[in-house]
Amino acid sequence: MAIGGLISHRNFGSFIGSGKVCQAELAISHHREEQSAIAFARYVRGTVFYQKFHSRMANSFSAPNSSSSFTCATIKAASYHWRDHPVSIFLHSGQTPHTLSRCGSKGRCGCYLASDPSRGSWFQPSDKVKIGTGNGQCKKYEYVKVKRTRGYYKSEEYDVTEAEVGSLASSGGPNEAVLFEGNVQETSPWWESFPKRWVMVLLCFSAFLLCNMDRVNMSIAILPMSQQYNWNSATVGLIQSSFFWGYLLTQILGGVWADKIGGKLVLGFGVVWWSIATVLTPIAARIGLPCLLVMRAFMGIGEGVAMPAMNNILSKWIPVSERSRSLALVYSGMYLGSVTGLAVSPILIHNFGWPSVFYSFGSLGSIWFALWLRKAYSSPKEDPELTAQEKRVILGGSISKDSVSVIPWRLILSKAPVWALIISHFCHNWGTFILLTWMPTYYNQVLKFNLTEAGLFCVLPWLTMAVFANLGGWIADTLVSRGLSITAVRKIMQSIGFLGPAFFLTQLGHVRTPSMAVLCMACSQGSDAFSQSGLYSNHQDIGPRYAGVLLGLSNTAGVLAGVFGTAATGYILQRGSWDDVFKVAVALYIIGTLVWNFFSTGEKVLD
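Presented here is an overview of the structure given in this document. (Residues numbered from 1 in each chain as written. Predicted model: local features only at pLDDT ≥ 70, side-chain atom pairs only at ≥ 80, totals over all residues. Heavy atoms only, no water.)

### Looking at the overall build of the chain
Next, step 1: Check the secondary structure of the chain and you find 18 helices and eleven strands.
Next, step 2: Counting the 607 residues in the chain, one finds 51% classified as buried.
Next, step 3: When the accessible surface of the chain is totalled, it reaches about 27800 Å², and 61% of it is carbon and sulfur. (Helix = DSSP H or I, 4+ residues; strand = E, 2+ residues; numbered from the N terminus. Buried < 20%, exposed > 50% of the residue type's maximum accessible area, 1.4 Å probe, protein only. Areas by Shrake-Rupley, 256 points an atom, 1.4 Å probe, with all protein chains shown as cover.)

In structure tokens:
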């Protein structure tokens, strides 16, 4: 399609077109002291957004030194393709245009626009302002005189749409149209330009949201279930603990699988597995207790691979400067999942019966899995839609992490930072599981809250953990971006995660009102959430290729701490008081602080 532009100080037009033929033409007219420049072009391919100018500059350039008032409209950047070379057009203030020429180089056309009053009243080449893609030397100048002024364009089988643009007077004098050669970035909807690495983070966040929703629903549904099936307290405790049988089994296995075959397959398997187990729970309960115990263990198998697989995925997708924020957001999905499960389950049970909790929560996994298959990849190298710019950000801010074929167990277990992770995870989870498991009992027995009030206040620690986890992640990444070493940042954040809960637990023995006791518990859990930017981020620091295995090892110790700590708390309460329970937790927090600060590091120790 041929396109013509007639330049004027009065009005402007624009049209859109596209074409396939390549042809260039330049016509220059000079008649009765009226001068116009008309450029025509046919383009190879692509969509064209160009500007058509209309001008009658009478008595403007009759002499080299004559002055001209040349008012230009605001013209948007125009882009087109000339022999596969992207070209963009810009307009900015400058001198009065005087000289126009064209030149050819190696079969390509280049037109130039500049200002130079000393060379008469027409146009000439300039290095600063350039039209077209020609990058060679100009071979000749051509001046064409015709008897009349006219401008035309041709269109072959293409629609031309007229659009108006407003005029804008230049405060700096006459304006000059300048065309630059370069890449043109096409605009796209915000959801298409959203960073893909944060899409992966949000998908992992939603997976962990479902994980804890499916886990905590049993703690609510077990009440009507025990009434229906006449279960005693021992049976209820057995059902609750059966989840951990499978959960312990797949912590290390999940990390090994993720590091070998990729986190996408492992996490997808885990969500599908535990979602099916959740849906089948009511059926298993009707069949009998042994079947229900097996189904809860199956659910633990699925959820056991979630954390190692997620850690493997984010170790490949997230650069170091964004690591703490991303992990904090994902883990806050667990906290919000607990809040959602505890809040929604009673409503569903009241209106539709206890089986509805398992059917509704479990079915959400199918929606997540459909999105996961479409959008997720184990590493940036596998994603064909990832932009080159984002790939540079990801790979430039992290270490290349290919899948491993053999796990060097001897090497891993010989490193002191690995053992610092394992011991610190154990100490951390002892206090965390005690607070989250025994908190309703503490509210009821010590603070004299009824069960409804106790359940309501149980939600508060999860909310504070979700808020403070993301706050800690932002602080940690900010410190790293400002030059503080990763080792120092991890030690600072984990020290807060240990000493904060230890301090607030010691204050519980001195408070006199229930409101202050609830505040201390909330602050304890809030400061505990800083651990997401400490030990929970450290697996990717010390061994990015083995991040799944490392988290599997440390989380196995953490789960054992939860199992043993919960049982030990019951034993202590039979012979002592709540102060004794809190003293044991505080002692382990202090031990974890010392081990962490002496032996942990933020540097890579496993290659």
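### Observations concerning the packing of aromatic side chains
Aromatic ring pairs: the centre-centre distance and the angle between the two ring planes describe each pair.
Next, step 1: Tallied over the entire structure, the rule returns 19 aromatic pairs.
Next, step 2: Each ring, one from W368 and one from W372, has its centre 4.8 Å from the other, and the planes form 20 degrees; the classification is stacked. One end of the pair is W368 and the other is W372, both in helix 9 (residues 355-375) and four residues apart, which spans about a single turn.
Next, step 3: Between F468 and F530, the ring centres sit 6.3 Å apart and the planes meet at 45 degrees, which makes this aromatic pair tilted. Residue F468 is found in helix 13 (residues 451-481), and its partner F530 is found in the loop between helix 15 (514-528) and helix 16 (535-542); the two are separated by 62 residues along the sequence.
Next, step 4: Classification of F468 by relative accessible area gives partly exposed; the value is 33%.
Next, step 5: Taken together, Y229, W231, W354 and F358 form an aromatic cluster joined through their ring pairs.
Next, step 6: The residue whose ring lies beneath K264 is Y377, and the NZ or CZ to ring-centre distance is 5.1 Å. (Phe/Tyr/Trp six-rings, centres within 6.5 Å; stacked < 30°, edge-to-face > 60°. Lys NZ or Arg CZ within 6 Å of the ring centre and 35° of its normal.)

### Brief notes about the environment of F433
Next, step 1: Relative to the helices and strands, F433 resides in helix 12 (residues 416-445).
Next, step 2: With 129 residues separating them in the primary sequence, F433 and G562 have C-alpha atoms 5.2 Å apart.
Next, step 3: When near neighbours in sequence (up to four residues on either side) are disregarded, F433 contacts F244, W438, G558 and G562. (Contact = heavy atoms within 4.5 Å.)

### Let's talk about the side chain of N212
Next, step 1: Considering the arrangement of structural elements, one finds N212 in helix 2 (residues 196-229).
Next, step 2: According to the relative accessible area criterion, N212 is buried, its value standing at 4%.
Next, step 3: Among the polar contacts listed, one links the side chain of N212 to the side chain of S338, at a separation of 2.8 Å. (Polar contact = N/O pair within 3.5 Å; in protein donor to acceptor, adjacent residues only side chain to side chain.)

### Looking at the pattern of salt bridges
Next, step 1: Taken as a whole and judged by the stated rule, the model has seven salt bridges.
Next, step 2: Here R197 ties to E390 by a salt bridge, and the two come within 3.2 Å at their closest N and O atoms. Of the two residues, R197 is situated in helix 2 and E390 in helix 10 (residues 388-396); the sequence distance between them amounts to 193 residues.
Next, step 3: The class of E390 is buried, set by a relative accessible area of 9%.
Next, step 4: A salt bridge links R323 to D541; its shortest N-O distance comes to 2.4 Å. Placement of the pair is R323 in helix 8 (residues 323-352) and D541 in helix 16, with a sequence separation of 218 residues. As far as burial versus exposure is concerned, R323 and D541 are alike and both buried. (Salt bridge = Lys/Arg side-chain N within 4 Å of Asp/Glu carboxyl O.)

### Focus: unusual backbone geometry
Next, step 1: At N230, a position not held by glycine, the phi torsion is positive, near 55 degrees.
Next, step 2: Within the fold, N230 resides in the loop between helix 2 and helix 3 (233-249).
Next, step 3: Take N230: its relative accessible area is 67%, and that puts it in the exposed class.

### Some thoughts on the packing of helix 17 (residues 547-575) against helix 18 (residues 578-599)
Think of two packed helices as two axes; the pair is described by the angle between the axes and how far apart they sit.
Next, step 1: Where helix 17 contacts helix 18, the axes come no closer than 8 Å and their chain directions differ by 140 degrees. In terms of their interaxial angle, helix 17 and helix 18 are classed as oblique. In the crossing of helix 17 with helix 18, the sense of the turn from one axis to the other is right-handed. Here T569, I572 and L573 of helix 17 lie close against helix 18, whose contacting residues are W578, D580, V581 and V584.
Next, step 2: By residue class, the composition of the contact of helix 17 with helix 18 is five nonpolar, one polar and one charged. (Axes fitted to C-alpha atoms, helices over the stretch in contact; angles between N-to-C directions. Parallel < 35°, antiparallel > 145°, perpendicular 65-115°, else oblique. Left-handed = near helix turned anticlockwise from the far one by under 90°. Nonpolar A, V, L, I, M, F, W, Y, C, P; charged D, E, K, R; others polar.)

### Quick notes on the packing of helix 2 against helix 3
Next, step 1: Axis separation between helix 2 and helix 3 bottoms out at 10 Å; the angle between their running directions is 155 degrees. Taken together, the axes of helix 2 and helix 3 lie roughly antiparallel to each other. Crossing of helix 2 against helix 3: the hand is right-handed. Across the interface between the two elements, R215, M218, S219, I222 and S226 from helix 2 touch V236, I239, Q240, F243 and Y247 from helix 3.
Next, step 2: Of the residues assigned to the contact of helix 2 with helix 3, the class counts are six nonpolar, three polar and one charged.

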